[in-house]
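Now for the letters of each chain:
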Amino acid sequence: MERALPPLPNVEKYRVVRTRFAPNPDFYIHLGNARPALLSYEYAREYRGVFILRFEDTDPRIKRPLPEAYGAIKEDLKWLGISWDEEYVQSARMELYYGVARELIARGGAYVDLCGREEFRKLKLERRGCPHRDQRPEESLELFDKMLSGHFGEGEAVVRVKTDLALSDPSLIDWVAFRVVDTSKHPHPLTGDRYVVWPTYNFAAGVDDRLMGVTHILRGREHALNTLKQLYVYRALGWEYPEVINLGRLRLEGMILSKSKIKEVLRRSRRAGTDDPRFGTLRSLRRRGILPEVVREIVLEVGVKGTDATISWENVASLNRRRVDPVAPRIMAVFDPVRVVIRGVPRDPSLRTLRLDYHPTNASLGSRTIDLGREEAVELFVSREDLHLLKERGALRLMEFCNISLESESGDRVETRFTGTELEIARKAGLKLVQWVPVRDHVRLDVLKPEGLGLRTLRGLAEASLVGFGPGTLVQLVRVGFVKLEDVYAKERKVKAVYAHD
RNA sequence: GCCGCGGUAGUAUAGCCCGGUCAAGUAUGCGGGCCUUUCGAGCCCGUGACCCGGGUUCAAAUCCCGGCCGCGGCACCA
């Protein structure tokens, strides 16, 4: 059951509701980004409004855009079921920002400051303005043009928005709206070295929200201060600020979500990709077989709140399992395989050729046959940990096949005897039901499984029919868990999969 | 230097704005039962919590004050 979203504030003030999602394309987006994205989209839809996607790529130096991220983010949004009506890239709107800057300076709402970061900081903490604060707008405009023409190097000149020297929070005082970035050294992936004067987030985002007619902003709580900053631009230009809803953070327990940590893992581990199953990126979740509906469900459940929420992986797995269980084919696979020889299995064809459904209730998934051959002894693999069950009780039930009892065991050779096919007898005897894989016909199966911050490859064997499924299929390995197939090599009889959850 | 947020069962959260319907809801976990050729899923039953202290009130998880603990953010990142 999905919770209904609370109504947006002051919708009646606007002709149409316009919301936006504005990621920095410096990296792939993660579950945390899904919250504002999904909520903004949902609200736009609910109010028959407009949803805008805006790439905020105005820092070619520190948060340098990743060329492939633009497309990857769009892909991830589509995966989530999000579509957008308008799309913008800030680095393509530079002239617009310059125009607004000129107007703001002309109105005395901003000035060009040549004091340098440290000097300004010192003055600011004493609540004193720097000399440039009082220069005439014409002077600032002139300096601004010099900035644009490349006259100043990095750190030599900035445009500051005039706020209030008496502000108790010094970080608000005359914040920087434009700075110089040496794009000959740090070229922007889209515009190269065409621009050297770049708007800061607060300027570009603040201006764009106005220019794009955004009515309701849903963004992270960490932006609370930014709203106050942007308000000075709005006031100076006589604009009215949109409605703002600050959202708390969404974390995923046991998963690496932060960009910096992901990048660190990426640096350290050669085989890790941006969709590494340990990450909380949307592509990682997708790779692990988490359904987009589940992400949606979680985000809507957590709701439109300013409080942080930590989602437990158990919860994610549980929600996903509920949706996946009815449609995932069930296959037997064993890990750490041990060969078990079964004597005395009748050569009855109905016993030696098993026809098994892929799902107990979902008939549309079909079935497969397992041929156990006609040799005197039937040989199967079971998992080593299940061998203990056999040793403890002296007997075991091989699922869908027969009951066996232990005869002898030495080293890796386990001799057992067929004792019948009756499930009821096994039940009454309290035998464990165990999955198995025939020796004469099976495929190799490697499952990549995150364990804490590590990653392990479980090497095992699976029923041969596994190669009949294509990459991307979610299958349930009986008594093991759900895995998503990644690579299926039918000829080589090998399958690679990623562990989804229990 | 400054700004802000939060502390509810093992875990994650709802409720708090607008005090009574909260002897606190949901999910997960755990225990038990039913069902089942999985130790899974489903269904049923059960388990277990309002950080501490003070105040306001007929009544406080909810409002106020203090304390303790945890977390986040800004200052030419977005």
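Residues numbered from 1 in each chain as written. Chains lettered and ligands numbered in written order. Predicted model: local features only at pLDDT ≥ 70, side-chain atom pairs only at ≥ 80, totals over all residues. Heavy atoms only, no water.

Another aspect to go through is the packing of helix α6 (residues 201–211) against helix α7 (residues 224–237). Interhelical geometry of α6 versus α7 gives an angle of 65 degrees and a closest axis separation of 9 Å. Handedness of the α6/α7 crossing: right-handed. Across the interface between the two elements, Tyr 201, Asn 202, Phe 203, Ala 205, Gly 206, Asp 209 and Arg 210 of α6 pack against Asn 226, Lys 229, Gln 230, Val 233 and Tyr 234 of α7. When the residues that make up the contact of α6 with α7 are grouped by side-chain class, the tally is five nonpolar, four polar and three charged. (Axes fitted to C-alpha atoms, helices over the stretch in contact; angles between N-to-C directions. Helix = DSSP H or I, 4+ residues; strand = E, 2+ residues; numbered from the N terminus. Left-handed = near helix turned anticlockwise from the far one by under 90°. Contact = heavy atoms within 4.5 Å. Nonpolar A, V, L, I, M, F, W, Y, C, P; charged D, E, K, R; others polar.)

Quick look at the protein's contact with RNA strand B now. Residues in contact with RNA strand B amount to 52 residues; listed here are only the nearest, Lys 63, Thr 310, Asn 315, Glu 400 and Arg 479. A share of 65% of the atoms of RNA strand B within 4 Å of the protein falls on sugar and phosphate groups. At 2.8 Å from a base nitrogen of RNA strand B is found a side-chain nitrogen or oxygen belonging to Arg 397. Among the elements of the structure, α4 (117–125), β6 (176–180), α7, β11 (309–311), α11 (313–324), α13 (384–393) and α14 (423–428) are those that each provide at least two residues to the surface near RNA strand B. Ranked by the residues each element gives to the surface near RNA strand B, the list is headed by α11, at five residues. Among the residues making up the surface near RNA strand B, the classes are represented as 13 nonpolar, 14 polar and 25 charged. (Near = heavy atom within 4 Å. Polar contact = N/O pair within 3.5 Å; in protein donor to acceptor, adjacent residues only side chain to side chain.)

Turning to the packing of aromatic side chains, a few remarks are in order. The description of two aromatic rings rests on the distance between their centres and on the angle between their planes. Under the defined criterion, the tally for this structure stands at 14 aromatic pairs. Between Tyr 358 and Phe 469, the ring centres sit 5.1 Å apart and the planes meet at 75 degrees, which makes this aromatic pair edge-to-face. Note that Tyr 358 is positioned in the loop between β15 (353–357) and β16 (367–371) and Phe 469 in the loop between β24 (454–463) and β25 (474–477), a separation of 111 residues in sequence. Classification of Tyr 358 by relative accessible area gives buried; the value is 8%. An aromatic cluster of three or more residues is present, and its members are Tyr 98, Phe 144, Phe 178, Tyr 195, Trp 198 and Phe 203. Across the ring face of Phe 120, the terminal group of Arg 160 is positioned such that the distance to the ring centre comes to 3.3 Å. One Lys or Arg, Lys 449, reaches over the ring of Tyr 499 and ends 4.4 Å from the middle of that ring. (Phe/Tyr/Trp six-rings, centres within 6.5 Å; stacked < 30°, edge-to-face > 60°. Buried < 20%, exposed > 50% of the residue type's maximum accessible area, 1.4 Å probe, protein only. Lys NZ or Arg CZ within 6 Å of the ring centre and 35° of its normal.)

It is worth spelling out the sheet that holds strand β5 (residues 158–161) at this point. Read across the sheet, four strands follow the order β4-β5-β6-β7 without closing on themselves; strand pairing throughout is antiparallel. The sheet terminates laterally at β4 (110–113) and β7 (197–199), the two strands that pair on one side only. Within this sheet the neighbouring strands show an average axis-to-axis angle of 20 degrees, counted without direction. As defined by bridge partners, β4 adjoins β5 across four bridges and the pair is classed as antiparallel. Counterpart to Ala 110 in the pairing with β5 is Val 161. (Pairing = 2+ DSSP bridges.)

Once that is clear, we can look at the pairing of strand β20 (residues 413–420). As judged from the five bridges shared by strand β14 (residues 337–343) and β20, these two strands associate in the parallel manner. Looking at β20, one finds that Val 341 is bridged to Glu 415. By the bridge criterion, seven bridges tie strand β19 (residues 402–410) to β20 in an arrangement that is antiparallel. Directly across from Ile 404, in β20, lies its bridge partner Phe 418.

As far as domains go, chain A holds domain 1 (94–200) and domain 2 (329–502). Using C-alpha coordinates to define each centre, domain 1 is positioned 68 Å away from domain 2. (Domains from an automatic or database assignment.)

The subject of this paragraph is the environment of Val 434. On the secondary structure map, Val 434 appears in strand β21 (residues 433–434). Between the C-alpha atoms of Val 434 and Leu 372, which are 62 residues apart in sequence, the distance is 17 Å. Excluding residues within four positions of it along the chain, Val 434 makes contact with Val 382, Asp 386, Leu 389, Leu 396, Arg 397, Leu 398, Met 399 and Arg 479.

A separate point is the confidence of the model for chain A. Summarising the model, chain A shows a mean pLDDT of 90, and 99% of its residues fall at 70 or more. Mean pLDDT across the elements of chain A bottoms out in β11 (81) and peaks in strand β3 (residues 86–89) (98). (pLDDT = per-residue confidence, 0-100.)

Along strand β27 (residues 494–501), seven of the eight residues are buried, which leaves the element largely enclosed by surrounding structure. Two elements, strand β23 (residues 442–451) and β27, share five bridges in a ladder whose sense is parallel. Residue pairing for β27: Leu 448 is matched across the bridge by Val 498. Count of turn residues in the strand β26 (residues 481–489)/β27 antiparallel hairpin: four residues, of which Arg 493 carries a positive phi of about 55 degrees.

What follows covers the pattern of salt bridges. This model, assessed by the stated rule, comprises 46 salt bridges. Put simply, Arg 107 and Glu 103 hold a salt bridge, and the shortest N to O gap is 2.9 Å. Salt bridges linked by common partners bring Arg 20, Arg 54, Glu 56, Arg 93, Asp 208 and Asp 209 together as one network. (Salt bridge = Lys/Arg side-chain N within 4 Å of Asp/Glu carboxyl O.)

Among the residues making up α4, those that are buried are Phe 120, Leu 123 and Lys 124. Looking straight down α4, one finds that the buried residues subtend no more than 100 degrees of arc, so they occupy a single side. In α4, the exposed positions that point more than 90 degrees away from the buried face belong to Glu 118 and Lys 122. Elements that come into contact with the buried residues of α4 comprise β4 and β5. One or two positions beyond α4, positive phi appears at Arg 127, with a value near 60 degrees. (Arc of directions from axis to C-beta.)

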